[in-house]
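Read off the chains here:
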Amino acid sequence: MSVTSLDKDLDHLTLTLVADFAAPAERVWRLWSDPRQLERWWGPPSYPATVEEHDLTPGGDVTYFMTGPQGEKYRGWWRVATVDAPRSLEFTDGFADEDGVPNAAMPTTANRVTLTERDGGTRMELRSVFDTKEQMDQLMTMGMDEGMREAAGQMDALLAAD
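Residues numbered from 1 in each chain as written. Predicted model: local features only at pLDDT ≥ 70, side-chain atom pairs only at ≥ 80, totals over all residues. Heavy atoms only, no water.

Peer 1: Looking at this model, I keep getting lost on the nonpolar core. Mind explaining?
Peer 2: Soluble globular proteins tend to pack their nonpolar side chains together in the buried interior. Counting residues in each nonpolar core, the largest one holds 40 residues, and the members touching the most others are Leu17, Trp32, Trp41, Trp42, Trp78, Leu89 and Met124. Take this core: its biggest share by element is 5 residues, from helix H1 (residues 25-33). Among all residues touching Leu89, those that are not within four sequence positions of it are Trp29, Trp32, Leu56, Trp78, Val80, Thr82, Val83, Asn111, Arg112 and Val113. (Core = buried A, V, L, I, M, F, W, Y, C linked by side-chain atoms within 4.5 Å. Buried < 20%, exposed > 50% of the residue type's maximum accessible area, 1.4 Å probe, protein only. Helix = DSSP H or I, 4+ residues; strand = E, 2+ residues; numbered from the N terminus. Contact = heavy atoms within 4.5 Å.)

As structure tokens, then:
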């Protein structure tokens, strides 16, 4: 697994995943920019994702749902803030109701993905920022940290398939 660290910083309300891949940044970027590839790793293995809308432009939306082991669906959305392909992506990630409408009662996270060339491959950093300690605690209780690690752990196989 290429995940080298997962750091919870309660003082700064961040969760930062770092992963190193033996692939160029352009290839790692496609795991984010191609909706069919994104859905093969976004979400832990037991909750695979289906991407419904994928507009990776500033102001664009990405909508998806994850299907649980018993067939239950959990909907989510991104609102894309910035895109600097193949180096960085910023988006807000949130929960949605069964109709795909953003659920204002659930927390959102501000996310920044950076891809940098390193040692002949690419280092990916995914930093999630929470609004409050309570929101961070709520998402950690729901398993966000382990889910993020499991999801990113699937990226290696996709990159190796090329």
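Peer 1: Quick question: what am I supposed to make of the pairing of strand E7 (residues 109-118) here?
Peer 2: Regular strands show a simple pattern: their side chains alternate between the two faces of the sheet. The sheet contact formed by strand E6 (residues 88-96) and E7 spans 6 bridges and is antiparallel. If you follow Leu89 over to E7, its bridge partner there is Val113. Note: E7 against strand E8 (residues 121-130), 10 bridges, orientation antiparallel. Directly across from Glu117, in E8, lies its bridge partner Thr122. Taking the residues between adjacent antiparallel strands as the criterion, E7 and E8 are bridged by 2 residues, where Asp119 takes a positive phi near 50°. (Pairing = 2+ DSSP bridges.)

Peer 1: Could you clarify how one ought to interpret unusual backbone geometry in this entry?
Peer 2: With the exception of glycine, most residues fall at negative phi, and the peptide bonds are largely trans. The peptide bond linking Ala85 to Pro86 adopts the cis configuration, its omega dihedral lying at -5°. In the Ramachandran plot, Leu13 falls in the positive-phi region, its phi being about 55° despite a non-glycine side chain. Note on placement: Leu13 falls in the loop between strand E1 (3-9) and strand E2 (14-21). Residue classification places Leu13 among the buried positions, given a relative accessible area of 16%. Non-glycine residue Asp119 carries a positive phi angle of around 50°. Within the secondary structure, Asp119 is located in the loop between E7 and E8.

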